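# Breakdown of the fold
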Amino acid sequence: MKKVPFVTKEKLEEIVRDVPTPFHIYDEAGIRRNCEAIKKAFAWNQGYKEYFAVKACPNPFLIKIMKEYGCGCDCSSLTELMLSQAVGCVGDDIMFSSNATPAEEFRYARKYNAIINLDDFTHIAFLEKVTGSLPKKLSCRYNPGGMFKVSNDIMDNPGDSKYGMTKEQLFEAYRVLKEKGVEEFGIHAFLASNTVTNEYYPLLAKVLFETVVEIREKTGVEISFINLSGGVGIPYRPDQEPNDILEIGEGVRKVYEEVLVPAGLGKAAIYTEMGRFMTGPYGGLVTTAIHEKHIHKEYIGCDACAVNLMRPAIYGAYHHITVMGKEHAPCDHMYDVTGSLCENCDKFAIDRMLPEIAIGDLLFIHDTGAHGFAMGYNYNGKLRSAEVLLKEDGSYQVIRRAETPRDYFATFDGFDVYDKLFL
Ligand SMILES: *Cc1c(COP(=O)(O)O)cnc(C)c1O
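Residues numbered from 1 in each chain as written. Predicted model: local features only at pLDDT ≥ 70, side-chain atom pairs only at ≥ 80, totals over all residues. Heavy atoms only, no water.

Next up on the list: a nonpolar patch on the surface. On the surface, Tyr408, Phe412 and Phe415 cluster together into a nonpolar patch covering about 310 Å² of accessible area. By the element assignment, Phe412 lies in the segment after α12 (405-409). Classification of Phe412 as partly exposed rests on a relative accessible area of 37%. (Patch = residues over 30% accessible without salt bridge, like charges linked within 9 Å, V, L, I, M, F, W, Y side chains within 5 Å. Areas by Shrake-Rupley, 256 points an atom, 1.4 Å probe, with all protein chains shown as cover. Salt bridge = Lys/Arg side-chain N within 4 Å of Asp/Glu carboxyl O. Helix = DSSP H or I, 4+ residues; strand = E, 2+ residues; numbered from the N terminus. Buried < 20%, exposed > 50% of the residue type's maximum accessible area, 1.4 Å probe, protein only.)

Turning our attention to the environment of Ile226. Examined against the element boundaries, Ile226 turns out to sit in strand β10 (residues 223-227). With residues near it in sequence (within four places) discarded, Ile226 still touches Ile187, Leu208, Phe209, Val212, Leu260, Ala268, Ala269, Ile270 and Tyr271. (Contact = heavy atoms within 4.5 Å.)

Moving on: the site of the ligand. Around the ligand, a shell composed of 15 residues is seen, among which Lys55, Glu273, Gly275, Arg276 and His371 lie nearest. Separating a nitrogen atom of the ligand from a side-chain N or O atom of Asp74 is a distance of 3.1 Å. Take His371: an N or O atom from its side chain is 3.0 Å from an oxygen atom of the ligand. Its free accessible area being 380 Å², the ligand has 92% of it covered by the protein chains. The cavity that encloses the ligand is the largest pocket. For the shell around the ligand, the class distribution of residues is 3 nonpolar, 7 polar and 5 charged. (Near = heavy atom within 4 Å. Polar contact = N/O pair within 3.5 Å; in protein donor to acceptor, adjacent residues only side chain to side chain. 1 Å grid on protein atoms, 1.4 Å probe; cavity = no way out; pocket = protein on both sides within 12 Å on 5 of 7 lines; lining within 4 Å. Sits in = over half its atoms within 2 Å of the grid points. Nonpolar A, V, L, I, M, F, W, Y, C, P; charged D, E, K, R; others polar.)

Across soluble globular proteins, nonpolar side chains have a tendency to be buried as a group. Counting residues in hydrophobic clusters, the biggest one holds 91 residues, and the most contacted among them are Ile187, Tyr201, Phe209 and Ile226. It is helix α8 (residues 200-219) that contributes the most residues to this core, 9 residues altogether. Lining this core are residues from two domains, each supplying at least three of them: domain 1 (28-278) and domain 2 (281-409). Grouped together as the second largest cluster of nonpolar side chains are 16 residues, Leu285, Ala289, Val323 and Ile357 included. (Core = buried A, V, L, I, M, F, W, Y, C linked by side-chain atoms within 4.5 Å. Domains from an automatic or database assignment.)

Attention shifts here to the layout of surface pockets. Each pocket or cavity is described by its volume, and for the largest pocket that value is around 910 Å³. What lines the largest pocket is a set of 42 residues, among which Lys55, Phe190, Ser193, Arg276 and His371 lie closest to the centre. Within the lining of the largest pocket, the residues separate by chemical class into 17 nonpolar, 15 polar and 10 charged. Two domains each provide a minimum of three residues to the lining of the largest pocket, namely domain 1 (28-278) and domain 2 (281-409). For the second largest pocket, the calculated volume is near 620 Å³. Taken together, 26 residues form the lining of the second largest pocket, with Met1, Pro235, Pro242, Pro281 and Tyr282 sitting closest to its centre. Of all the elements, helix α2 (residues 28-41) adds the most residues to the lining of the second largest pocket, at 3 residues. Taken together, the residues of the lining of the second largest pocket break down into 12 nonpolar, 7 polar and 7 charged. Two domains each put at least three residues into the lining of the second largest pocket: domain 1 (28-278) and domain 2 (281-409). (Points joined across faces, edges and corners; volume = space filled by probe spheres on them.)

The following block contains the structure:
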């Protein structure tokens, strides 16, 4: 599918006069449309709820928009819990799916009645010890091990993943939890990441639903919510077909009717914790071409770098690039598009065919709405960029200002001398 930016060159030029590049921009209309589609896809399940994976795009302005559609927050750290609270999510609106969890974070999650999803069998005793008791409602994370396949293609390798409990541990966990007075139970599994196929959720659902039936047989525990977690992907490449969330929801419904309903478990609620699918395509990184360099290859240097978007640098991930205003020009120039970090992996694209780029051109790097800004860091003393929301009515709002050197200096006690430097 042809990839087209959700914002025009004229609009970007207007924004750039006010907010210098680089910045991430988000598409409110796109996020809202997607929320509607997800609600529709799972409307067949009474208790359905999406817990947006906060780590994908931790901006309260965006989380607030999703909350309007009934979304809660999936958190895995203290500050993510705080962020959720800041937008008014507490109690059952928070899923706390963490691992190697510090005691302080369990205490905080308990204090605000978040639903806790235990990553390990030993966390039962740990949680009880550090919070003084167990909550009435708890979830356990399952890791079936082995390879996870869709029509013989390996999707991921749970056997090599640090998360969750084995099946034996899972059974034992529910037995122990029941004995200790827990009354409401959930199950969770995350078996493959960024799946661009409509089969992933239905296949995962089958694994989980059959396990839920087995859990009741073996332990007498009835699971009341089943969390399919994240992993629904997006087409980063133009040749990929986007997932159809309606078909995915329908696929899960079929398995539900086949496995859970006949077992008398047709009241179980389905939860999801999508991150990438919620915001990924509705964000873009806007950067200006500030240098060109002709050595053994042709380079375009931009004012963004891997601290603004690290996926290409660490995974070799593909992010489509549109040269604004040159959408119809022939892609007859081969470039490496780079940032300024002192790391050769700091390249947004390698050997990419693009229209001829001129200094000053605005580049729109697609699909940065999830795991984009969120993975930012301060290497080379680089500062985090601004985030801008393109609103439904066409206006824009800065939803996070860019960091300044003062922010960078603020954590050096005794050297927070920013104001005294040569300015
Ligand atoms: C990362 C993560 C998610 C979200 O994953 P996406 O691939 O972004 O949908 C959901 N749940 C947990 C526990 C995660 O770690």
